[in-house]
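Residue-level structural notes
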Amino acid sequence: MKQPAGVILAGGQARRMGGGDKGLLTLGGQTLLQRVIDRLEPQVAEVALNANGDASRFDAFGLPVLPDSVSGFVGPLAGVLAGLDWAAERGHSHIVTAAADTPFFPCDLVPQLLLNANTPIVLAATPDPERGMSRHPTFGLWPVDLRDDLRDALTDGVRKVVQWTDRHGTSIATFSADPFDPFFNVNSPEDMAAAEALL
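Summary of the structure given here. Keep in mind the model is a prediction, meaning the values are calculated, not measured.

**Looking at the overall build of the protein**
A count of helices and strands for the protein gives 6 helices and 9 strands. At 16 Å, the protein has a C-alpha radius of gyration in line with the 16 Å of a compact globule built from 199 residues. If you line up the protein on its principal axes, its C-alpha atoms span 40 × 40 × 30 Å. The burial tally for the protein puts 49% of its 199 residues in the buried class. Taking all contacts inside the protein whose residues are at least 6 apart in sequence as the whole, residues at least 24 apart take part in 71%. Split by element, the accessible area of the protein, about 9100 Å² in all, is 49% carbon and sulfur. Separation of charge centres in the protein, based on 15 positive and 24 negative side chains, amounts to 3 Å.

**Here we look at helix α6 (residues 189-198)**
Taken together, the buried positions of α6 are Asp191, Met192 and Ala195. Buried positions in α6, seen along its axis, are confined to an arc of 100° and lie on one side of it. Opposite the buried face of α6, by more than 90 degrees, sit the exposed residues Glu190 and Ala197. Contacts from the buried residues of α6 go to β2 (26-27) and α1 (32-40).

Cut-offs used in this document
Residues numbered from 1 in each chain as written. Predicted model: local features only at pLDDT ≥ 70, side-chain atom pairs only at ≥ 80, totals over all residues. Heavy atoms only, no water. Helix = DSSP H or I, 4+ residues; strand = E, 2+ residues; numbered from the N terminus. Rg over C-alpha atoms; globule rule 2.2 N^0.38 Å. Buried < 20%, exposed > 50% of the residue type's maximum accessible area, 1.4 Å probe, protein only. Contact = heavy atoms within 4.5 Å. Areas by Shrake-Rupley, 256 points an atom, 1.4 Å probe, with all protein chains shown as cover. Lys, Arg positive; Asp, Glu negative; His and termini not counted. Charge placed at Lys NZ, Arg CZ, Asp CG, Glu CD. Arc of directions from axis to C-beta.

Here it is in structure tokens:
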């Protein structure tokens, strides 16, 4: 498999942070989004950003900005679809997605996803003492060939990522959660304080 394209998902509404773009919040002198770009860029062929609204607010990052093609803020699957459509135009067979509010995700995310590509879709996961394994559905390897199926699913009202991925055969790539879960994401001011402490 060729090196996939990377798509950073920043299309959410950040309600728990009072609205706005979580990715533009600063952690240790850098925006969350820049931290995510710096981790993802070396692992992929090229990077785009999925975000809605005025794209010019991301001009400083120099990335293509892909709005959802499905209206109504229907969740991360809409961002995956936008990324798949963009990647198809660019000649890529797969994308890897990462969330814009997750500054510590693994620097070997893409290699590990590729190593576990025994099924069409691969999602990142970490051990969870209560649930056994916790999947992280905004961190995955997605084939461009499934974009029309995903478009149909969104039109039919599918919103939960795993509701769609489980239809297609999904493997997991397991990452260590010691000393902390690398997919920790900043959803609240308390989370931002915790991220500062982790730095």
